[in-house]
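Results of the structural survey
Residues per chain, in single letters:
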Amino acid sequence: HPHPESRLFVSFAIDSGSESFREVDAELIGMLPALKIKPLSWVGQSLTVFLDDGFFWKAMAQSQSGEIGMENLGQLPLGIRVESSSSIKLALFMGALKGLAETSSPDLLRWETRKHGKRSYVAVIGNGDDIGTEITLYYAALPTALLLSLDEEILKRAIDREARAGELDLAGLPEAEHAYGRSSP
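Residue indices begin from 1 for each chain and proceed along its sequence in written order. Only residues with pLDDT of at least 70 are given local features in this predicted model, and only at 80 or more are side-chain atom pairs given and counted; all residues enter the totals for whole chains, interfaces and linings. Each side-chain value is worked out from all heavy atoms of the structure, with water and hydrogens disregarded.

Some remarks on the sheet that holds strand E4 (residues 109-116)
Sheet architecture is open: seven strands sit in the order E1-E2-E3-E7-E6-E5-E4, paired in antiparallel fashion. Two strands lie at the open edges of the sheet, namely strand E1 (6-13) and E4, each paired on one side alone. Within the sheet, the average angular offset between the axes of one strand and its neighbour, ignoring direction, is 20 degrees. We call two residues in contact when some of their heavy atoms are within 4.5 Å. Axis definition: a line fit to C-alpha positions, over the contact stretch in the case of helices; interaxial angles, taken between N-to-C directions, run 0 to 180 degrees. Only DSSP runs of H or I covering at least 4 residues are called helices, and only runs of E covering at least 2 are called strands; the numbering of each starts at the N terminus. Where helix H4 (residues 87-104) meets the sheet, it contacts strand E3 (78-84), E4, strand E6 (136-141) and strand E7 (145-149), and its direction lies at approximately 145 degrees from that of E4. At least two bridges found by DSSP between two strands is the condition for calling them paired.

Here we look at the pattern of salt bridges
We count a salt bridge whenever a side-chain nitrogen from Lys or Arg sits within 4 Å of a carboxyl oxygen from Asp or Glu. Here the structure, examined in full by the defined rule, presents eight salt bridges. A salt bridge links Arg157 to Asp52; the shortest N-O distance between them is 3.4 Å. Highlighted residues: Arg157 in helix H5 (residues 152-164) and Asp52 in strand E2 (residues 43-52), separated in sequence by 105 residues. Its relative accessible area of 26% is what places Arg157 among the partly exposed residues. Working definition: with a 1.4 Å probe on protein chains only, accessible area under 20% of the residue-type maximum means buried, over 50% means exposed, and in between means partly exposed.

Quick look at the confidence of the model for the chain
Confidence of the predictor in every single residue is expressed as pLDDT, which spans 0 to 100. Scored by pLDDT, the chain has a mean of 82; 75% of the residues are at 70 or more. Within the chain, the element-level pLDDT minimum falls on helix H3 (residues 70-73), averaging 61, and the maximum on E7, averaging 96. Overall, residues 167-185 carries pLDDT values under 50, and its contacts beyond four positions in sequence, including any with other chains, amount to 16 contacts.

Here we look at the pairing of strand E5 (residues 119-126)
Where burial is concerned, most of E5 is hidden: seven out of the eight residues are buried. Joining the antiparallel neighbours E4 and E5 is a turn of two residues, in which Gly117 adopts a positive phi near 65 degrees. Alignment of E5 against E6, held across four bridges, turns out to be antiparallel. From the neighbouring strand, Val124 faces E6, where its bridge partner is Leu137.

A short note on the nonpolar core
Ranked by size, the top nonpolar core spans 17 residues in total, and within it Leu40, Trp42, Val43, Phe93, Met94, Tyr139 and Leu146 carry the most contacts. Residue assignment for this core shows that the elements contributing at least two residues are helix H1 (19-31), H4, E5 and E7. If you tally residues by element for this core, the top one is H4, at four residues. Contacts of Met94, omitting those with residues within four sequence positions, involve Tyr139 and Leu146. Counting 13 residues, the second-largest nonpolar core is a separate cluster that includes Ala123, Ala145, Leu147 and Ile154. The definition of a nonpolar core used throughout is a set of buried Ala, Val, Leu, Ile, Met, Phe, Trp, Tyr and Cys residues joined through side-chain atoms within 4.5 Å.

Quick look at the structure:
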């Protein structure tokens, strides 16, 4: 459902059985050969894209040209929510993407784990030399969704909305940041 801060809110239904979806999934299999599951098997039934209120719009209103420009792109208050049907498969997919980025393009991206309350999220920081401005992608892989944004505050508010919706119990999260397990046949 649209939230009060949204200026634009569009939600799409996802048909994971569609030809297009299966084609994208098949393409990703070739890109992520170490992943032993279908790459998009974690994707749920909806994708939401939203633009929120924020500093970006105030700056645009005060700018001489009124154009976005590359220097402002990293401030765009854009958010994306992809519903997840499996948090384990989502975690495997995100790990495979990170591995691909680190092995195919070492030193081009920096990954920082950050905290918002008890919830961890990741900042993927790109080198701004190529485009003249540093752009950071923030994401949170939650039990119910993958949240993505170019604006850290937008991501934090999206995490809070997930918590308020009762879809995520922040109070019940363990204090440990990592858990490892191993099983043998």
